[in-house]
Amino acid sequence: ILEGDGDIDPSSWSLLAELMQRASAECPQIMLIVSSRDAPTITSAASNLRRNAVQVKLTPFEKYETELFLRVMLGVRNRDIAVDQKLLDVVHDRANGCPL
């Protein structure tokens, strides 16, 4: 799993492409996950990674989804205990719906 807010540099793409090429012989079930707020720019050196790529666009959380996320992160299992509305508003607004 490779996660980042910015573009991945060309040498890292080349390394990933080489690892995936070599790993396919040893581990044909391997999966590479790249997480990025914007669609990553894949260099020509790593163009073989596009062949079997599946792009999944994640949309921002609605406020109720942010609350569910906060409940899990805070360990709040009891439905009778509410997440503070101010906390919910701050997290949702500050993260632009993407608290991950």
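Let me sum up the structure you'll find in this document. (Residues numbered from 1 in each chain as written. Predicted model: local features only at pLDDT ≥ 70, side-chain atom pairs only at ≥ 80, totals over all residues. Heavy atoms only, no water.)

**Brief notes about helix H1 (residues 10–26)**
Helix length check: H1, at 17 residues, gives a terminal C-alpha distance of 25 Å against a target of 24 Å (1.5 Å per residue), a fit within 8%. Those residues of H1 not exposed but buried are Trp13, Leu16, Ala17 and Ala23. Seen along its axis, H1 keeps its buried residues to an arc of 140°; they face one direction. Facing away from the buried side of H1 by more than 90 degrees, the exposed set consists of Ser11, Leu15, Gln21, Arg22, Ala25 and Glu26. (Helix = DSSP H or I, 4+ residues; strand = E, 2+ residues; numbered from the N terminus. Expected span 1.5 Å × (residues − 1). Buried < 20%, exposed > 50% of the residue type's maximum accessible area, 1.4 Å probe, protein only. Arc of directions from axis to C-beta.)

**Concerning the packing of aromatic side chains**
Counted by the stated rule, this structure contains one aromatic pair. Consider the rings of Phe61 and Phe69, whose centres lie 6.0 Å apart with planes at 70°: the pair is edge-to-face. What makes Phe61 partly exposed here is its relative accessible area of 22%. (Phe/Tyr/Trp six-rings, centres within 6.5 Å; stacked < 30°, edge-to-face > 60°.)

**Some remarks on the pattern of salt bridges**
Going through the model one piece at a time under the given rule, you end up with two salt bridges. The shortest N-O distance in the salt bridge between Arg22 and Glu18 comes to 2.5 Å. Here Arg22 and its partner Glu18 are both found in helix H1, four residues apart, which amounts to about one turn of the helix. With a closest N to O distance of 2.7 Å, Lys63 and Asp89 form a salt bridge. With Lys63 in helix H2 (residues 63–74) and Asp89 in helix H3 (residues 85–94), the pair connects residues that are 26 residues apart, well separated along the chain. Given a relative accessible area of 32%, Lys63 falls into the partly exposed group. (Salt bridge = Lys/Arg side-chain N within 4 Å of Asp/Glu carboxyl O.)

**Some thoughts on the nonpolar core**
Counting residues in each nonpolar core, the largest one holds seven residues, listed as Ile8, Trp13, Leu16, Ala17, Ile42, Ala46 and Leu49. Residues within four places of Leu16 in sequence aside, it is in contact with Leu2, Leu32 and Leu49. (Core = buried A, V, L, I, M, F, W, Y, C linked by side-chain atoms within 4.5 Å. Contact = heavy atoms within 4.5 Å.)

**Examining the environment of Gly97**
Structurally, Gly97 can be placed in the segment after H3. A relative accessible area of 2% places Gly97 in the buried class. For the pair Gly97 and Ala46, spaced 51 residues apart in sequence, the C-alpha separation works out to 31 Å. Non-local contacts of Gly97, meaning those with residues more than four positions away in its chain, are made with Pro60, Phe61 and His92.

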